[in-house]
Amino acid sequence: MKVVKPSLIISILFLLSPIANCENVDKTKLVEYLQKEGLPPVEYVISKFQNHDIVLLGEIHRVKHQVEFVSDLIPHLYKNGVYNLAIEFANSSQQSLIQDVIHSKILLNDKLFAVFRNSTSYWCYKQYVDLVRKCWEFNNNLPDDARKFRVIGLDLDIDYEKKYYGTPAEQDSLKDAAYLRDEHMFKILKKEVLDKNEKVLVYTGNMHAITKLIPPKVTDGKVSKTEKRVRLGNYLYQEYQDKLFSIYFYAPFISLTDLKQNNFGLIAPFDGQLEEVFNSNNNIKVGFDISGSSPFSNLKCDSAVYEIMKSDWSFGDLADGYIFMYPIQDWQPIDVEDIYITETNFLEVLKKLPNRDKYERKVQILNSQVKEVNKIINWIKSSCALNH
């Protein structure tokens, strides 16, 4: 059976979306709000821990500045009594390796790289690896008797060897394995942090971080009209609503029009009007509320995928807060480095890559990963430049 990697699908499939049907926004009012109520992004995230135990931060994957921002938060989190960073990008089964790394006096590169090579998706890129590496660096500058900062892997092990290349029975048994990931993440988060009444920054992809809206189940590219896929943010919102604050990084919306045609397309948020607001604010990096009394709360766009989660949805349904750092056209992809793939772990890496049969040498994997992350970022830029 031929299998195509999902991230490759979105990087090569580009069908032009129609202009989104979004209401015009009062840019002057929104800029005034940013200038009055907005905070520098680091200060904004830290401020939310004053009244919340859980801050849930959602990214669009493989954008360099977003991952670097989270790594840079570690000393600020620690200073403010937040000692836990829980991430989608490492599996819970690798927690003992993570603990070995962050408590070691010397950097255990073999164990560090193994954590990310053994993740459910391939996350062995420099900036994601740095989430643990920078934790190690920070801990090594603390007094010996000081409490150490923790990184917690959340994701579920999925046997892609069997899922993509196993017997028909094995492939069938694992076809819905991805739908178990969010519940698993929630259980790990409860066990490792929440049941201990500790504070935590939870860092995942946007769809895992969704709280008030519940996405539909998508199977083989087809959107279910009846079945829902409860995500990590939904679980957290149901049980810890008063203790939870969710934040999204600035990112494109998934096109509802394309999704209904079993395609994957992106549109600039609110016809590009959101980026015009940021531009009018001199593209200053800023964190700000988008729910409650915020004037951003009632912005609407019925051509985004969220419309099928809640008819007449508004921006405030998406998250509690938002962080803008760079215009989409200035985004850069994460870095691919050759140190993560060696002759000895080559076969191990192959098991994590769909379409692995096309790779015969280490260099082919590296070249493919470099091309892929660049295609994804360029595709996002093209989509948002054309679709507003």
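Before any of the text, the structure's been laid out above.
The structure displayed is predicted, hence computed values, not measured ones. (Residues numbered from 1 in each chain as written. Predicted model: local features only at pLDDT ≥ 70, side-chain atom pairs only at ≥ 80, totals over all residues. Heavy atoms only, no water.)

Enquirer: Would you mind going over the overall build of the protein chain with me for this structure?
Expert: Looking only at helices and strands, one finds 15 helices and eleven strands in the protein chain. Over its C-alpha trace the protein chain gives a radius of gyration of 21 Å, about what one expects of a compact globule, namely 21 Å for 388 residues. Seen along its three principal axes, the alpha-carbon backbone of the protein chain occupies a region of about 60 × 55 × 35 Å. The burial tally for the protein chain puts 57% of its 388 residues in the buried class. Within the protein chain, contacts between residues at least 6 apart in sequence are counted, and of these 80% link residues at least 24 apart. Accessible surface, the protein chain: about 16,900 Å² in total, of which carbon and sulfur atoms supply 49%. Taken as two groups, the 48 positive and 51 negative side-chain charges of the protein chain have centres that lie 3 Å from each other. (Helix = DSSP H or I, 4+ residues; strand = E, 2+ residues; numbered from the N terminus. Rg over C-alpha atoms; globule rule 2.2 N^0.38 Å. Buried < 20%, exposed > 50% of the residue type's maximum accessible area, 1.4 Å probe, protein only. Contact = heavy atoms within 4.5 Å. Areas by Shrake-Rupley, 256 points an atom, 1.4 Å probe, with all protein chains shown as cover. Lys, Arg positive; Asp, Glu negative; His and termini not counted. Charge placed at Lys NZ, Arg CZ, Asp CG, Glu CD.)

Enquirer: What is the right way to look at the nonpolar core in this model?
Expert: Within soluble globular proteins, side chains that are nonpolar generally end up buried alongside one another. Membership of the largest hydrophobic core comes to 63 residues, with the highest contact counts inside it found for Leu189, Leu236, Phe296, Tyr306 and Phe315. In this view, Tyr306 contacts Met207, Ile210, Leu213, Tyr248, Phe253, Trp313 and Leu318; residues no more than four positions away in its chain are not counted. Core analysis: the second largest hydrophobic core is formed by 57 residues, Phe69, Ala90, Ile365 and Val373 among them. (Core = buried A, V, L, I, M, F, W, Y, C linked by side-chain atoms within 4.5 Å.)

Enquirer: Sorry, what's going on with the packing of helix 10 (residues 181-192) against helix 11 (residues 232-240) here?
Expert: To describe two helices that pack against each other, one gives the angle between their axes and the distance between the axes. Between helix 10 and helix 11, whose axes approach to 8 Å, the crossing angle comes to 45 degrees. Comparing the axis directions of helix 10 and helix 11 gives the class oblique. The two elements helix 10 and helix 11 cross, and the hand of that crossing is right-handed. Note on element contacts: helix 11 touches helix 10 through Leu232, Tyr235, Leu236, Glu239 and Tyr240, opposite Asp182, Glu183, Met185, Phe186, Leu189 and Lys190. Taken together, the residues that form the contact of helix 10 with helix 11 break down as seven nonpolar, no polar and four charged. (Axes fitted to C-alpha atoms, helices over the stretch in contact; angles between N-to-C directions. Parallel < 35°, antiparallel > 145°, perpendicular 65-115°, else oblique. Left-handed = near helix turned anticlockwise from the far one by under 90°. Nonpolar A, V, L, I, M, F, W, Y, C, P; charged D, E, K, R; others polar.)

Enquirer: Can you walk me through unusual backbone geometry in this structure?
Expert: Of note in this structure, Arg62 is not a glycine but carries a positive phi near 70 degrees. Residue placement: Arg62 occurs in the loop between strand 1 (54-59) and helix 4 (64-79). One non-glycine residue, Asp312, lies in the positive phi region at around 65 degrees. Along the polypeptide, Asp312 turns up in the loop between strand 10 (286-289) and strand 11 (321-324).

Enquirer: Would you take a moment to explain the sheet that holds strand 10 for this structure?
Expert: Backbone-to-backbone hydrogen bonds join strands into a sheet, with any given pair of strands oriented parallel or antiparallel. Pairing is mixed in the open sheet, where seven strands are placed in the order 3-2-4-1-7-11-10. In this open sheet, the two edge strands, each paired with only one partner strand, are strand 3 (150-155) and strand 10. Neighbour-to-neighbour, the strand axes of the sheet open up by a mean angle of 25 degrees, direction not taken into account. Judged from the three bridges that link them, strand 7 (residues 244-249) and strand 11 form a sheet pairing that is parallel. For Phe249, the partnering residue across the bridge sits in strand 11 and is Ile323. (Pairing = 2+ DSSP bridges.)

Enquirer: Quick question: what am I supposed to make of helix 5 (residues 95-102) here?
Expert: Gln95, Leu97, Ile98, Val101 and Ile102 are the residues of helix 5 that are buried. Projected down its long axis, helix 5 carries its buried residues within an arc of 155 degrees, all on one side. Against the buried residues of helix 5 lie strand 2 (84-91), helix 6 (109-117), helix 7 (126-140) and strand 3. (Arc of directions from axis to C-beta.)

Enquirer: I would appreciate a short explanation of the pattern of salt bridges in the present structure.
Expert: Where charged atoms from two side chains of opposite charge come close, those side chains can pair. As enumerated under the stated definition, the model contains 23 salt bridges in all. Arg181 is the partner of Glu88 in a salt bridge, and the nearest nitrogen-oxygen pair spans 3.2 Å. Linking Glu88 in strand 2 with Arg181 in helix 10, this pair joins segments that are 93 residues apart in sequence. Comparing Glu88 with Arg181, the two get one shared label, buried. Between Asp100 and Lys111 there is a salt bridge, with the nearest N and O atoms lying 2.8 Å from each other. Taken together, the residues Asp100 in helix 5 and Lys111 in helix 6 connect sequence positions eleven residues apart. (Salt bridge = Lys/Arg side-chain N within 4 Å of Asp/Glu carboxyl O.)

Enquirer: Honestly, the packing of aromatic side chains in this entry has me stumped. Any pointers?
Expert: Within a pair of aromatic rings, the relevant descriptors are the distance that separates the centres and the angle that separates the planes. Throughout the structure, instances matching the rule amount to 27 aromatic pairs. Taking the ring centre of Tyr164 as reference, the NZ or CZ of Lys163 above it sits at 5.9 Å. (Phe/Tyr/Trp six-rings, centres within 6.5 Å; stacked < 30°, edge-to-face > 60°. Lys NZ or Arg CZ within 6 Å of the ring centre and 35° of its normal.)

Enquirer: Whenever I open this one, the environment of Cys384 confuses me. Can you help?
Expert: Residue placement: Cys384 occurs in helix 15 (residues 362-386). Since its relative accessible area comes to 4%, Cys384 is described here as buried.

Enquirer: How should the side chain of Thr204 be read in this particular structure?
Expert: As for its position among the elements, Thr204 is in strand 4 (residues 200-205). Setting aside anything within four residues of it in sequence, one finds Thr204 in contact with Leu56, Leu57, Gly58, Glu59, Glu88, Phe89, Ala209 and Leu232.

Enquirer: Sorry, what's going on with the side chain of Ser294 here?
Expert: With respect to the helices, strands and loops of the structure, Ser294 is situated in the loop between strand 10 and strand 11. You can call Ser294 buried: its relative accessible area is 4%. If sequence neighbours within four positions are ignored, Ser294 has contacts with Tyr33 and Asp289.

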